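For reference, the chains in residue letters:
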Amino acid sequence: MQEAMSNTSIKRNILLNPGPATTTDTVKLAQVVSDICPREKEFARMMKGMREDLVRIVHGDPAVYTAVLFCGSGTINIDICLNSLLPEGKKVLIINNGAYSARAAEICTYYNLPMIELRFPVDSLPDLESVEQTLRENPEIALVHTTHNETGTGILNPIREIGALAHRYGAVFTVDTTSTYAMRPIDIAQENIDFCMASAQKGLMAMTGLSFIVGNRALIEQSANYPKRSYYCNLYLQYHFFETTGEMHFTPPVQTIYAARQALDEYFAEGEQAKWQRHLSVFEAIHAGLERLGFQDIIQRELQAGLVVSVRYPDDANWDFERVHDYCYERGFTIYPGKVSTQDTFRLCALGAISAADIEAFFVVFEEALRKYEIQIPVSYGQE
Ligand SMILES: *Cc1c(COP(=O)(O)O)cnc(C)c1O
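All values reported here derive from a predicted model rather than from experimental measurement.

(A) The arrangement of the overall build of the protein in detail. Counting its regular elements, the protein contains 13 helices and 14 strands. Computed over C-alpha atoms, the radius of gyration of the protein comes to 21 Å, within 12% of the 21 Å expected from 2.2 N^0.38 for 384 residues, which places it in the range of a compact globule. Judged by the C-alpha coordinates and their principal axes, the protein covers about 65 × 60 × 35 Å. Computed over 33 positive and 48 negative side-chain charges, the inter-centroid distance for the protein is 3 Å.

(B) Seen up close, the site of the ligand. Taken together, 13 residues surround the ligand, and among them S73, T75, T151, D176 and K202 come closest. Note that an oxygen atom of the ligand is positioned 2.5 Å from one of the side-chain N or O atoms of T75. Interatomic distance of 2.6 Å between a side-chain N/O atom of D176 and a nitrogen atom of the ligand. Protein contact buries 86% of the 390 Å² of open area that the ligand shows by itself. Looking at the shell around the ligand residue by residue, the class counts come to 1 nonpolar, 9 polar and 3 charged.

(C) Quick look at the pattern of salt bridges. Tallying each qualifying case throughout the model produces 20 salt bridges. One salt bridge connects R160 with E191, and the closest N-O pair in it is separated by 2.9 Å. Pair noted here: R160 is in helix α7 (residues 159–168) and E191 is in the loop between β8 (172–176) and β9 (195–199), with a separation of 31 residues, a long-range link. For E191, a relative accessible area of 15% corresponds to the buried category.

(D) Summary view of the pairing of strand β10 (residues 210–216). Buried residues dominate β10, accounting for 7 of its 7 residues. Where strand β2 (residues 65–71) and β10 come together, 7 bridges link them in antiparallel fashion. Its bridge partner being in β10, C71 is matched across the sheet by L210. Sheet topology note: the β9/β10 ladder contains 5 bridges and is antiparallel. Within β10, the position partnered with A198 by the bridge is F212.

(E) View of the sheet that holds strand β13 (residues 336–337). Strand order in the open sheet made by the 3 strands is β11-β14-β13, with antiparallel pairing throughout. With one partner strand each, in any of the chains shown, β11 (308–312) and β13 form the two edges of the open sheet. Across 2 bridges, β13 lies against strand β14 (residues 345–349) in antiparallel orientation. Counterpart to Y336 in the pairing with β14 is R347. Taken strand by strand, helix α11 (residues 272–293) contacts β11 and β14, and its axis lies near 15° from that of β11.

(F) The sheet that holds β8, seen in detail. With mixed pairing, 7 strands are arranged side by side in an open sheet as β2-β10-β9-β8-β5-β3-β4. Each edge of the sheet is formed by a strand with only one pairing partner; in this case those strands are β2 and β4 (115–119). Here the strands of the sheet are splayed against their neighbours by 20° on average, with no regard to which way each runs. Judged from the 5 bridges that link them, strand β5 (residues 141–147) and β8 form a sheet pairing that is parallel.

(G) Molecular detail of the nonpolar core. L54, L82, V144 and V214 are the most contacted members of the largest nonpolar core, which totals 81 residues. When residues of this core are assigned to their parent elements, the largest contribution, 8 residues, is made by helix α10 (residues 254–270). Once you skip the residues sitting within four places of it in the chain, V144 turns out to touch L93, I95, L135, I162, A166, A171, V172, F173 and T174. In terms of nonpolar packing, the next biggest core, distinct from the first, is built from 33 residues, Y327, L348, A369 and I375 among them.

About the criteria used
- Residues numbered from 1 in each chain as written.
- Predicted model: local features only at pLDDT ≥ 70, side-chain atom pairs only at ≥ 80, totals over all residues.
- Heavy atoms only, no water.
- Helix = DSSP H or I, 4+ residues; strand = E, 2+ residues; numbered from the N terminus.
- Rg over C-alpha atoms; globule rule 2.2 N^0.38 Å.
- Lys, Arg positive; Asp, Glu negative; His and termini not counted.
- Charge placed at Lys NZ, Arg CZ, Asp CG, Glu CD.
- Near = heavy atom within 4 Å.
- Polar contact = N/O pair within 3.5 Å; in protein donor to acceptor, adjacent residues only side chain to side chain.
- Areas by Shrake-Rupley, 256 points an atom, 1.4 Å probe, with all protein chains shown as cover.
- Nonpolar A, V, L, I, M, F, W, Y, C, P; charged D, E, K, R; others polar.
- Salt bridge = Lys/Arg side-chain N within 4 Å of Asp/Glu carboxyl O.
- Buried < 20%, exposed > 50% of the residue type's maximum accessible area, 1.4 Å probe, protein only.
- Pairing = 2+ DSSP bridges.
- Contact = heavy atoms within 4.5 Å.
- Axes fitted to C-alpha atoms, helices over the stretch in contact; angles between N-to-C directions.
- Core = buried A, V, L, I, M, F, W, Y, C linked by side-chain atoms within 4.5 Å.

As structure tokens, then:
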């Protein structure tokens, strides 16, 4: 079957959106397997190895950390961590300087979780003094949550420092690492992370539909007695099921898991440092192309995580993101709208199985689009 399929050529698209990312053909084809009931021991064995590998990626001590798999997109992880890890009568602190932490705050409101939302401008780092002051003045805060790489802008948050503060004041620290995990090297203990999370279609360069939380086993066990606010999205329940049966509580995304297995093998074969250097070289190529055409990005370069570039729309009457997008899309390159409410932006991301050469090829097409629609090059920005 595998051989028959490998003769078919699959058109390669370069996805510059912030996930799902471009995958290798070997990962795509790993989904084509003989039908199997996921309650078979063989499948449980595969998931056991996968859970261990997911801890290994963030250098977690397997005696301290574990990984729990879920069927769903990345947002399910945020939902699960927040609703499962808050003891009765305690509060969540959300450190929000972007769209994904705002989503976490919204999840708290859906569950009616007591919450303090500390908001900071999307183009700057959270102020650690006010984080500390909030923790000091609100001893009922038991869970601190923020986002590592705010994918809406590409800013990298100081999680090690925030985690240290959370721990100093006795709170658990959960971090949305969806857009850094398996790309930017992370050491879970060193970064003071209790729980981090991602989904298979981002850093792992696998398929959509599988998400996972990597975190402190003792804290999960402690949460067994916390209020149960969701049935399907309860961390302890899923963990307990894995630990006692080796299986997901409910039907797993079988074929997606085979692809993720292949992607993990490819991750370790490429190597943590080599993969990160590749992503960085793609990021540098994106910046070089943008600079050549005169585009400006919205986040100070030193604050960028090295994976997402958030670009200002030029001040040009002929600029029309949709038209430029469509021109590129028809030629195999996907660019993505921005996620900043106060400014018009689009994003170019360095996720996926792509290289700097793909970015150079992209800029040829992108520049053609600008010329075709008579957008001035270098692009111009009006009065600041
Ligand atoms: C992609 C992403 C998510 C998950 O988004 P889904 O659409 O639910 O997969 C969550 N957090 C961050 C930081 C992300 O980049």
